[in-house]
Protein chains: 10
Amino acid sequence: MTRNEVTELIILQKSAMGFTWSELAKAIDKSKEWTTAALLGQMTLTKEQAETLGTMLNLPVDATTQLQVVPYKGSLPTAVPTDPLIYRFYELVNVYGTTFKELIHEEFGDGIMSAIDFSMDLKREPDPLGDRVNIVMSGKFLPYKSY
Amino acid sequence: MTRNEVTELIILQKSAMGFTWSELAKAIDKSKEWTTAALLGQMTLTKEQAETLGTMLNLPVDATTQLQVVPYKGSLPTAVPTDPLIYRFYELVNVYGTTFKELIHEEFGDGIMSAIDFSMDLKREPDPLGDRVNIVMSGKFLPYKSY
Amino acid sequence: MTRNEVTELIILQKSAMGFTWSELAKAIDKSKEWTTAALLGQMTLTKEQAETLGTMLNLPVDATTQLQVVPYKGSLPTAVPTDPLIYRFYELVNVYGTTFKELIHEEFGDGIMSAIDFSMDLKREPDPLGDRVNIVMSGKFLPYKSY
Amino acid sequence: MTRNEVTELIILQKSAMGFTWSELAKAIDKSKEWTTAALLGQMTLTKEQAETLGTMLNLPVDATTQLQVVPYKGSLPTAVPTDPLIYRFYELVNVYGTTFKELIHEEFGDGIMSAIDFSMDLKREPDPLGDRVNIVMSGKFLPYKSY
Amino acid sequence: MTRNEVTELIILQKSAMGFTWSELAKAIDKSKEWTTAALLGQMTLTKEQAETLGTMLNLPVDATTQLQVVPYKGSLPTAVPTDPLIYRFYELVNVYGTTFKELIHEEFGDGIMSAIDFSMDLKREPDPLGDRVNIVMSGKFLPYKSY
Amino acid sequence: MTRNEVTELIILQKSAMGFTWSELAKAIDKSKEWTTAALLGQMTLTKEQAETLGTMLNLPVDATTQLQVVPYKGSLPTAVPTDPLIYRFYELVNVYGTTFKELIHEEFGDGIMSAIDFSMDLKREPDPLGDRVNIVMSGKFLPYKSY
Amino acid sequence: MTRNEVTELIILQKSAMGFTWSELAKAIDKSKEWTTAALLGQMTLTKEQAETLGTMLNLPVDATTQLQVVPYKGSLPTAVPTDPLIYRFYELVNVYGTTFKELIHEEFGDGIMSAIDFSMDLKREPDPLGDRVNIVMSGKFLPYKSY
Amino acid sequence: MTRNEVTELIILQKSAMGFTWSELAKAIDKSKEWTTAALLGQMTLTKEQAETLGTMLNLPVDATTQLQVVPYKGSLPTAVPTDPLIYRFYELVNVYGTTFKELIHEEFGDGIMSAIDFSMDLKREPDPLGDRVNIVMSGKFLPYKSY
Amino acid sequence: MTRNEVTELIILQKSAMGFTWSELAKAIDKSKEWTTAALLGQMTLTKEQAETLGTMLNLPVDATTQLQVVPYKGSLPTAVPTDPLIYRFYELVNVYGTTFKELIHEEFGDGIMSAIDFSMDLKREPDPLGDRVNIVMSGKFLPYKSY
Amino acid sequence: MTRNEVTELIILQKSAMGFTWSELAKAIDKSKEWTTAALLGQMTLTKEQAETLGTMLNLPVDATTQLQVVPYKGSLPTAVPTDPLIYRFYELVNVYGTTFKELIHEEFGDGIMSAIDFSMDLKREPDPLGDRVNIVMSGKFLPYKSY
């Protein structure tokens, strides 16, 4: 049973049993963003978290074990994503990439925003012209140092 | 004078004259995020905005005219960015892409977050463990419709 | 059973049972264009639509369930399609891409034609010199906004 | 003077002199779609057409001559376009490519829609929910023949 | 049973039963060039042709049905072929591509040679210095038209 | 002066002076196919041929010398050609590549058709349904040998 | 059983039964270079050779038959090889490619070294500073001819 | 003056002054293989060698200096070479890559043939059936070591 | 059982039986760096090493045999790695590649650091600001030689 | 003057004036590793550092200014490097990538080695069997955190 097959099984079971990602997250007392990433094979669960979710989703032992192993990360099949929803985020990087770079350097100097010491919050923003997706990203600034 | 040369000239002049992106944005009463994108060749300025910024940055007429033409967008030289700061955003898409997809579909159904009807706010978030980059993105949800 | 296998099964069953895409579309009272896309794994059916078509095509429960899950979209195996029929559409984008861009910007200003709020109608156009394929596309114009 | 430089010069002169693509098309009594493609280096003008437009746009002799030479076609710098407007058309091919294929084969049998014996009409479709881009494509169906 | 598996089965059965492509072609009264392409999954057979060849090659019903479905064309696993025989043809396109273009445009004007309304004849050309492969290609010229 | 610039200069001069490729070929008593390839930077001219054509096309000494140097061959800017005329030949390789392979192996055994000991003849084939492009290719068969 | 599976089976059986490539080559009275290439799916064996080796390696009939079919050649999974030993040869092409070209043209004129009418000998060259790999390649020179 | 321009200048001057690579090699008492590679920007000359060759080829001081700087190596413009002569060597790697690997491992165990501690000799091998190119490569075997 | 499946089985068994890489390394008296690489399919074990580890990990005979065969090396699925930990090393090559080159050439002259005669030591470096990863690489310098 | 031209100018001037990277580093009291990276366009200098080095290398004002601007990082022209010295580092990532991953996770848990809070020391390691390149890398471990 490969890690990909574990991911597919989780999506199937979640769908068959009618859980939402939020409910699964609540069961282990974590954010829905982090929990979803973990169940999709991008983060590592503790033994306890894996067993709680494994029981809820009726996963075989093998799958529960794999959720505790650090995965080979990267969730997309191609370098440029083909799915329209995910492509829009890639487009933001492509169009606004140099803008991110200029503004972060203006505010902080040379360095990067960490994608590891990072958290994210995604919610619905009601709007009379059509509701909006609201995403807040927060990543530690890491400066390059000279030595 | 190609559009790329206009972009390079702007960066040079801004640096030589000591402006920040925020100051340039304030001069045309727009956000620093949108203004930076526009000056880096990703958005289109009005005649008035172009002339105000052209005068501040001492640009030739040709460059000022080009800022009013809709550009061929895309600010990166390669499909996978090599610059570490910009790569971190690509990594977020790569690692969290399917998470974005699952959570937006859970909240909204099938559709996308618009990258056009979209705004962004980037600021410093003070933190005793090291300051953080805080980015808020807001994009209209667009549902697929059946017909 | 992966989504791809569901798609292949549908094509097989449709062929074996002698249905046309138009007949399947009529059964759920939708256009043949949208219905075909949905059955080929690009759109999401409602429970009722999935069950109607599942019964007609004699699909297993698993497949019927998958038709109600938002798919990872993108129907082609390579970035540049090899099938001659599909390539001709890619060629249109390659040859006329900048023409589309100039004419839409001339008419509407900076923005895009939505590929989400979008519909399409494909029909035969009789012509004494050989019949023609006639495709009408209609997509909402979405302007970039400054902020 | 390369063909690319001719294209850039035309865009510059058109902008400087305030012409629209429609006005240029009217001057040679052709559609705006075909004329724009020709001036962007994708189609070949006759001597008369080239001279009429060359005079209007104040082009040097060299450029006017090049407009009469069959160009190496293909208007985009990368296999997957980065410009959001043009990308949306690529996305349509990616998402609806197999739908186009199935429906054309259902209606016509094995063959293709010609991208050569082809015409196109692009116009604004007023809509209270936001105006729409309406594109009609008409291409001759070419059947494969056995021999 | 995927289309690829049908192709592999045909090659195996043909080899096991000792048929040549020419014999298979004669059985359906078509050229060996077209028949080979069809059996390799690039063209579509009629019901009668499929059944004749299916019986000769002892194919299962499933395979015989698939030969009547329009295939997703493209017979090579990579954009640049690795097989030396097939690569030589790619090399001809690479080295002589612009020569083809110049000579066809000199003779016919702007347009293409159809790859659909096309036939081919491949035969041995005896030569004392070593026999030669002789290939005759004939494709309809399709002019671009202005509109 | 690079080889590419020599090629561009030749195309310009030929066009400005009104020569056809056939006339240039006749002047050095070679086929139009080989002569065009040589002038487009794919073959090597002798001193005498280079000087004859250099005089006709009014080329500088530098260019005439370069025509006698073995060039780095390959006339296309991308691995998959974007020009529709040249693409159709690539499509033939893609669709008929395995057919070429099977039929040549059936006739000759394991080996290749030479792309070096090769000649080609391209002509117009009148046809009441629209004239056709007729291309005859002749390449020596080279068998693999065991040792 | 695909050709790849035949290759894997041969490597396994050879290893399990303790044969060297040289011993297998001797059994059919051919060089170890050619025999290894043939058994790895790059050359075609005669019926007699296939049966001799098939018996030695205890292959099923199916595999023995496939060794007599002309294979789709190309033994590497990626365009740039990742295996360090094989990469070194690719590096030689990359670094010395233009040197090969210049020296062969200096000695022979315009043409190529055949990779078909070609043989190779690989042996150990004892050296007090560390033994060396010695490879001799011999390929027929094929001149381009004008026509 | 970039390194590429130095290379081009050397080829031009060599051609204009009628030197062969062998004559240039003799002047610095090195093999023609190594000398050609060095002059094509793949190896580094000593001050004395650079000055001797610089004087013979009448190079500017700048170019003579650059020949003494370690170059960024790699002499081909694309990952898969388009020039037929150079491609044949790439084809050898592609077809015989796994054969090289098996035979070197059989003779030496796990390790590689060095492409650095390496020499090469290229000569004409007369043959009544057409002369042959003979290349001898000699590279030190470097074993992987465990630690 | 392919080599990849052997690798996956080892990771599974190691995890199920609770071994660390260090413990496995100690059992064959080698460094943890080399042992891990060998078990992940990048190095070759001796018969004795393979049997020791095979027994510890309860591997089938087939797997134990494969660990003694020289593998096709390369441990990553894509040219640019998607896993953030591995990407950081690729980023170091991308950002510091030319720095490595300049400093090694300054110290040693033209040549390379061997990746074959190479060893590595990876350890934790305690640091009050957060522990650090400390990697020491040692590779033999191999000079290019002229000949 | 682009950033690339600044880099080339620095290499030229350093060579012409006979400085080593170590001497330049000493002048600004930084390590040779960091200083070389900065002068090759990968790090940002302070005003004082830029002026000190600008004076030593006799750079124009423009270049000195650019050294203080945060650069678009990435020092290699292709995704897979062609230069043999730099390729060896890429090979290490390719062959040992999963080993790095396993060992770092074993020691630290899920997370990465920072490529930003990172330092490096490169020196010669004398060895009777041939001197070795010794590289010590030290990067802060950054754990993923759940939230």
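Residues numbered from 1 in each chain as written. Chains lettered and ligands numbered in written order. Predicted model: local features only at pLDDT ≥ 70, side-chain atom pairs only at ≥ 80, totals over all residues. Heavy atoms only, no water.

Examining helix α3 (residues 32-39) of chain E
The condition is simple: Buried, partly exposed and exposed residues are distinguished by accessible area as a fraction of the type maximum, computed with a 1.4 Å probe on protein chains only: under 20%, between the cut-offs, and over 50%, respectively. By definition, any uninterrupted DSSP run of H or I lasting at least four residues is a helix, any uninterrupted run of E lasting at least two residues is a strand, and each is numbered from the N terminus. Contacts: residue pairs with any heavy atoms within 4.5 Å of one another.
Among the eight residues in α3 of chain E, seven count as buried, and that is most of the element. For α3 of chain E, the set of buried residues is Glu33, Trp34, Thr35, Thr36, Ala37, Ala38 and Leu39 of chain E. Looking at the buried side of α3 of chain E, the elements it contacts are α1 (3-17), α2 (21-27), α4 (47-56) and β1 (111-125) of chain E together with α6 (84-108) of chain F. Of the residues trailing α3 of chain E, glycine 41 of chain E is marked for its positive phi of about 85 degrees.

A short note on unusual backbone geometry
One non-glycine residue, asparagine 58 of chain C, adopts positive backbone phi at about 60 degrees. Along the chain, asparagine 58 of chain C turns up in the loop between α4 (47-56) and α5 (61-66).

What about the interface of chain F and chain E?
The condition that has to hold: Throughout, the accessible surface (probe 1.4 Å) given up by two parts as they are put together, summed over both, is called the buried area. Any Lys or Arg side-chain nitrogen located within 4 Å of an Asp or Glu carboxyl oxygen qualifies as a salt bridge. What qualifies as a polar contact is a pair of N or O atoms within 3.5 Å, subject to a donor-acceptor requirement within protein and to the restriction that residues adjacent in sequence count only when both atoms come from side chains.
Between chain F and chain E, the residue contacts involve 69 residues of the former and 69 residues of the latter. Taking both sides of the interface into account, the surface hidden between chain F and chain E amounts to around 6,800 Å²; carbon and sulfur atoms contribute 67%. Applying the counting criterion to the chain F and chain E interface returns six salt bridges. Along the contact surface separating chain F from chain E lie 34 residue pairs in polar contact (both at pLDDT 80 or more). Contributing elements (two or more residues each) for the side of chain F that touches chain E: α1 (3-17), α2 (21-27), α3 (32-39), α6, β1 (111-125) and β2 (132-143) of chain F. Counting residues per element, the side of chain F that touches chain E draws most heavily on α6 of chain F, at 24 residues.

Digging into the UniProt feature "domain: Cyanate lyase C-terminal" (unreviewed entry) in chain A
As a reminder of what qualifies: UniProt positions are given in the numbering used here, feature names are shortened, and annotations may be inferred rather than shown by experiment.
The positions UniProt marks with the feature "domain: Cyanate lyase C-terminal" (unreviewed entry) are residues 75-147 of chain A. What you have in residues 75-147 of chain A is 34% helix and 37% strand, and the ends, taken at the C-alpha atoms, are 36 Å apart.

Some remarks on the arrangement of the chains
In this view chain B stays clear of chain F, with the nearest C-alpha atoms of the two still 16 Å from each other. Between chain C and chain G there is no contact, and the shortest C-alpha to C-alpha separation is 16 Å.

Considering the pairing of strand β1 (residues 111-125) of chain I
Residues and elements named next belong to chain I. Worth spelling out the cut-off: At least two DSSP bridges between two strands are required for those strands to pair.
Relative to strand β2 (residues 132-143), β1 runs antiparallel, the two being bridged by eleven bridges. Bridging across to β2, glycine 111 finds its partner in proline 143. Hairpin geometry of β1 and β2 is characterised by an intervening segment of six residues between the two adjacent antiparallel strands and by a positive phi of about 120 degrees at glycine 130.

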